[in-house]
Amino acid sequence: MKKTILKFICSLTAILFVVSAGALAVLPDEKDAPEAPLTVNTLTVDEENTLLGSTLDPIVEEALDTKQTLRFNENGKLKILVFSDLQEEEPIKASTLEYMNKMLDEQKPDLVLFTGDNHCGRIKTKDAMKRYIAQMAEPMESRQIPWAQVYGNHVEGGYNYEIPCGVTKAEQQKIFESFEYNVSKAGTVSGQGNYVIPVLRSDSDEIGYNVFCLDSHDYMYKYNGHKYGDGFEQEAIVGQIYGGNKYDVIHFDQIKWYWDTSVALEKYNGKAIPAMMMFHIPLYEMTYITENREQTGFEGVMNEAVGSPEINSGLFWALYERGDVKTIINGHCHINTCQGTYMGVTMAYSGSIGGVEYGHDSEETRGVRILEIDEDDAYNIETYMILFKNLK
Ligand SMILES: [Fe+2]
């Protein structure tokens, strides 16, 4: 019996050897091999128009399916106004709304962006949330100005999540999208509100500029079932080294979505498209600006430390290598308005507009960020703060 088994194993080994050798023998030689695929900025696009497994056409279709068409004006200019960290309870203070209305009348932007922490995170009922978002929307809706938002770290709960919010982020997104001039989208990757706003040129339907919006999520402690204050940040292995582990990061699927969308739109457009990006929590690389002020052209006010994640999840390198995004706009640190340029990418805070949370009494930071873009020079945009105290 033992001999029979041994014979069987020997035969099987021999068969496997012959099959493997045969397989090796039929491998295509150089001249039969498929042509090398087209390479776009080091990532590979094959003949089926796919990039890392994505199909490009639906990405273009999704990106161009916008409720309002954004276009550079007849002079080839686009003005974006950024409202950051409104972060109030319902109802929004009358004085805050008055500031917002005055700012829109004075600046007359073509697009309004909210960088997140749009409310305090403690609004309990869907009706109250609807009322709040309607109050927030009114200044743009009444003026027929397209607007969009991303989410911050105060979305589904109070500061310590001690008072839960009664409305999920996905439900909040649906309420935002119900407004005629709101051009945000839920998106298909981690979080809510991952989308691109393409801006067409003044003289054709070519895309002249892209505004990428991402969800920077909230806290790391939410992983593995932890709760705020249960010590996860301190006790996790990463938390035991300098830097801690507090804020969440932009996830890999979001970075991949950005890359795929950027490549797909470039192929559709026939040329590269200059772009900016907006999300709430600044990247770790913001620290390189605040720590190297002379080299990065630092300007503006910095009244609190950079509240970034300590983990670098790779977004900065992705957009640097891709080469289209030259401006990143953040909120989060209410009393910072500073900006600077690192490796050709300008990163800028936007202060805050809220009339309740910290920063509401800071005359040197309470205001809005303006971005002025010329369609013929859209990699070099102009960005600066307008403070509420300087309103006419
Ligand atoms: Fe905030």
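Quick caveat: nothing in here was measured; it's all calculated off a predicted structure. (Residues numbered from 1 in each chain as written. Predicted model: local features only at pLDDT ≥ 70, side-chain atom pairs only at ≥ 80, totals over all residues.)

A. Here's a closer look at the overall build of the protein chain. Assigned secondary structure in the protein chain consists of 10 helices and 16 strands. Once local pairs closer than 6 in sequence are excluded, the contacts in the protein chain between residues at least 24 apart make up 73%. (Helix = DSSP H or I, 4+ residues; strand = E, 2+ residues; numbered from the N terminus. Contact = placed C-beta atoms within 7 Å.)

B. Spatial organisation of helix H3 (residues 94-107). Here H3 contains 14 residues, and its C-alpha end-to-end distance of 20 Å stays within 8% of the 20 Å for a straight helix at 1.5 Å per residue. Inspection of H3 places Thr96, Tyr99, Met100, Met103 and Leu104 among the buried residues, and these make up the whole buried set. Looking straight down H3, one finds that the buried residues subtend no more than 130° of arc, so they occupy a single side. Of the exposed residues in H3, those oriented more than 90 degrees away from the buried face are Ala94, Ser95 and Asp105. The secondary structure elements touched by the buried residues of H3 are strand S6 (77-83), helix H4 (126-141) and strand S15 (367-374). Directly after H3, the chain includes Lys108, whose backbone phi takes a positive value near 45°. (Expected span 1.5 Å × (residues − 1). Buried ≥ 20, exposed ≤ 12 C-beta atoms within 10 Å, placed from the backbone. Arc of directions from axis to C-beta.)

C. Spatial organisation of the sheet that holds strand S14 (residues 345-348). Across the sheet, 7 strands lie side by side as S5-S9-S10-S11-S12-S14-S13; this open sheet has mixed pairing. Two strands close off the open sheet at either side, each with one partner strand: strand S5 (70-71) and strand S13 (339-342). Lying on the sheet, helix H7 (residues 252-269) is in contact with strand S9 (195-200) and strand S10 (207-213); it crosses S10 at an angle near 170°. (Pairing = 2+ DSSP bridges. Axes fitted to C-alpha atoms, helices over the stretch in contact; angles between N-to-C directions.)

D. Summary view of the environment of Ala134. Looking at where Ala134 falls in the secondary structure, it is placed in helix H4. The exposure class of Ala134 is partly exposed, given the 15 C-beta atoms found within 10 Å. Residues Ala134 and Phe179 lie 45 residues apart in sequence; the distance between their C-alpha atoms is 8.3 Å.

E. Examining the sheet that holds strand S8 (residues 147-149) more closely. Pairing in this open sheet of 5 strands is mixed, and the strands run S8-S7-S6-S15-S16 from one edge to the other. A single partner strand is all that each edge strand has here, and the edge strands are S8 and strand S16 (382-387). Across the sheet, the mean angle from the axis of one strand to that of its neighbour is 20°, orientation sign disregarded. Strands in contact with H3 are S6, S15 and S16; relative to S6, the strand with the most contacts, it is inclined by about 165°.

F. Region of the structure containing the nonpolar core. Counting residues in hydrophobic clusters, the biggest one holds 85 residues, and the most contacted among them are Phe212, Met277 and Met278. It is H7 that provides the largest number of residues to this core, a total of 7 residues. Those residues within four positions of Met277 in sequence are excluded, and the remaining contacts are Phe212, Leu214, Leu319, Val325 and Ile328. (Core = buried A, V, L, I, M, F, W, Y, C linked by C-beta atoms within 7 Å.)

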